[in-house]
Amino acid sequence: MELTLFGHPVSLFSQKVFIALYENEIPFTLHEVVPGDERDAMQYAHLWPFKRIPVLTHGARSLAESSVIVEYVDLNFPVATRLLPEDAHDALEVRMLDRAFDNYFLVPLQKIIGDRFLEEQQRDTLGVERALATLDIAYTWLDQLVAEQTWAAGNEFSLADCAAAPALACAARIRPTQHEFKHLLAYRDRLFDRQSCKKALEAAEPYHRLLPLDPA
Ligand SMILES: N[C@@H](CCC(=O)N[C@@H](CS)C(=O)NCC(=O)O)C(=O)O
């Protein structure tokens, strides 16, 4: 049974899933859809009416939400690198970190970039300021988290790192990191050197010139 992913190389949440799939060389077919494109969304809106990507299909089953998709793949495919630890408490820690990368990096980044597409009078200046403040807190939090460990949840690469790579790549453009965050920068280098992350992030590069990614 084939895995089909509705997603796009430039979509941050799709990148999280690409990294997980590349990490264990799990074959899949990418059904490329442009995020926010109404015509494209009609191809998967029957599966997920929120019209957000990524959406995965596997036989008769369909799943949405990037973290859930990664967990599904991790559960159902024999893998070399488990992205969720077997131990239930360790798995909770990974899920918590994954939520932090989504909610305090990716969502604020979406807010900042999304706002730049709006007409002047529609813009949400306060919302963008809050998103930038959240990113600054997230940088400080992450710098401490990775001060003495290789990956977000310790010594094993996990779902949390799959979320961290697109988050840090995009944040580096919108909110360039100050040099004082040396642990974070070293962690980011480790992520960017990892084959699965490199592949997913490089695939997004050609699309970046289409997006308003200037530093805030
Ligand atoms: N919580 C969702 C977020 C998905 C999401 O926001 N995807 C963006 C692309 S990165 C999207 O589909 N945007 C289209 C839109 O907002 O219309 C997940 O983890 O998959």
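Residues numbered from 1 in each chain as written. Predicted model: local features only at pLDDT ≥ 70, side-chain atom pairs only at ≥ 80, totals over all residues. Heavy atoms only, no water.

Some points on the pattern of salt bridges
Thinking step 1. Scanning the entire structure with this criterion turns up 13 salt bridges.
Thinking step 2. R99 is paired through a salt bridge with D98; the nearest N and O atoms lie 3.0 Å apart.
Thinking step 3. Residue R175 is joined to D136 by a salt bridge in which the shortest nitrogen-to-oxygen separation is 2.9 Å. Separated by 39 residues along the polypeptide, R175 in the loop between α6 (159–174) and α7 (182–193) and D136 in helix α5 (residues 125–145) bring together distant segments of the chain.
Thinking step 4. The exposure class assigned to D136 is partly exposed, which follows from its relative accessible area of 29%. (Salt bridge = Lys/Arg side-chain N within 4 Å of Asp/Glu carboxyl O. Helix = DSSP H or I, 4+ residues; strand = E, 2+ residues; numbered from the N terminus. Buried < 20%, exposed > 50% of the residue type's maximum accessible area, 1.4 Å probe, protein only.)

As for the pairing of strand β1 (residues 3–7)
Thinking step 1. With five of five residues buried, β1 is to be regarded as a mostly interior element.
Thinking step 2. Side-chain alternation along β1 places L3, L5 and G7 on one buried face and T4 and F6 on a second face that is also buried.
Thinking step 3. Here β1 pairs with strand β3 (residues 55–58) via four bridges, running antiparallel. Counterpart to F6 in the pairing with β3 is V55.
Thinking step 4. Pairing of β1 with strand β2 (residues 29–32), which is carried by four bridges, proceeds in the parallel orientation. Looking at the pairing, G7 lines up with E32 of β2.
Thinking step 5. Running through helix α1 (residues 12–23), the crossover from β1 to the neighbouring parallel element β2 is right-handed. (Pairing = 2+ DSSP bridges. Right-handed = clockwise from strand over helix to strand, strands pointing away.)

Here's the deal with the packing of α1 against α6
Thinking step 1. Interaxial distance between α1 and α6 falls to 8 Å at its minimum, and their mutual angle equals 135°. The orientation of α1 relative to α6 falls into the category oblique. The interaxial crossing formed by α1 with α6 has right-handed handedness. From α1, L12, Q15, K16, I19 and A20 reach across to α6, where they touch L159, C162, A163, A165, P166 and C170.
Thinking step 2. Considered class by class, the residues forming the contact of α1 with α6 number nine nonpolar, one polar and one charged. (Axes fitted to C-alpha atoms, helices over the stretch in contact; angles between N-to-C directions. Parallel < 35°, antiparallel > 145°, perpendicular 65-115°, else oblique. Left-handed = near helix turned anticlockwise from the far one by under 90°. Contact = heavy atoms within 4.5 Å. Nonpolar A, V, L, I, M, F, W, Y, C, P; charged D, E, K, R; others polar.)

What about α7?
Thinking step 1. With twelve residues, α7 extends 17 Å from end C-alpha to end C-alpha; this agrees with the ideal 16 Å at 1.5 Å per step.
Thinking step 2. The inward-facing, buried residues of α7 abut α4 (88–116), α5, α6 and α8 (195–204). (Expected span 1.5 Å × (residues − 1).)

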